[in-house]
Amino acid sequence: MIGYPINYVGQHCIMVVFKYATTESKTLRSLERSIERFEYVTEATTDIIWDWNLEINEVYYSRNIKKSFGHKPG
């Protein structure tokens, strides 16, 4: 929360600005749990997990690609 002293229509006032962060915190924690689960899955399987981000043309490969084929991820 941030407060700013202002003069409004001849009156001394304080304008207060705050951000409701509860939803943002819950979303961030949910994302962290999802990433944690994803990491457990990639370690628990010998499958090669990959993801192709078409927007930036980037491909993610799990570390299992090196275990299976000797290739470095990337």
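Fair warning: this is a prediction, and the values are worked out from it, not measured in the lab.

Asker: Mind laying out the overall build of the chain, listing which residues take part and the relevant values?
Answerer: Helix and strand counts for the chain stand at 2 helices and 4 strands. Start at the N end of the chain and walk to the C end: the helices and strands fall as β-β-α-β-β-α. Expected size for 74 residues packed as a compact globule is a radius of gyration near 11 Å; at 24 Å, the chain overshoots this value by more than 25%. Seen along its three principal axes, the alpha-carbon backbone of the chain occupies a region of about 75 × 25 × 15 Å. Within the chain, the fraction of its 74 residues that count as buried is 5%. Of the contacts formed within the chain by residues at least 6 apart in sequence, a portion of 2% connects residues at least 24 apart. Accessible surface, the chain: about 7000 Å² in total, of which carbon and sulfur atoms supply 58%.

Asker: So what's going on with the packing of aromatic side chains? Which residues, and what values?
Answerer: Within this structure, the stated rule accounts for 1 aromatic pair. When the centroid spacing of 6.0 Å and the interplanar angle of 55° are considered together, the rings of Phe38 and Tyr60 count as tilted. In this pair, Phe38 is assigned in helix H1 (residues 22-44) and Tyr60 in strand S4 (residues 58-61), connecting sequence segments 22 residues apart.

Asker: I'd love a proper account of the pairing of S4, names of residues and values included.
Answerer: Note that strand S3 (residues 50-53) and S4 share 4 bridges and pair antiparallel. Note that in S4 the partner of Trp50 across the bridge is Tyr61. The turn joining S3 and S4, which pair antiparallel and follow one another in sequence, is formed by 4 residues; a positive phi near 55° is taken by Asn57.

Parameters and conventions
Residues numbered from 1 in each chain as written. Predicted model: local features only at pLDDT ≥ 70, side-chain atom pairs only at ≥ 80, totals over all residues. Heavy atoms only, no water. Helix = DSSP H or I, 4+ residues; strand = E, 2+ residues; numbered from the N terminus. Rg over C-alpha atoms; globule rule 2.2 N^0.38 Å. Buried < 20%, exposed > 50% of the residue type's maximum accessible area, 1.4 Å probe, protein only. Contact = heavy atoms within 4.5 Å. Areas by Shrake-Rupley, 256 points an atom, 1.4 Å probe, with all protein chains shown as cover. Phe/Tyr/Trp six-rings, centres within 6.5 Å; stacked < 30°, edge-to-face > 60°. Pairing = 2+ DSSP bridges.

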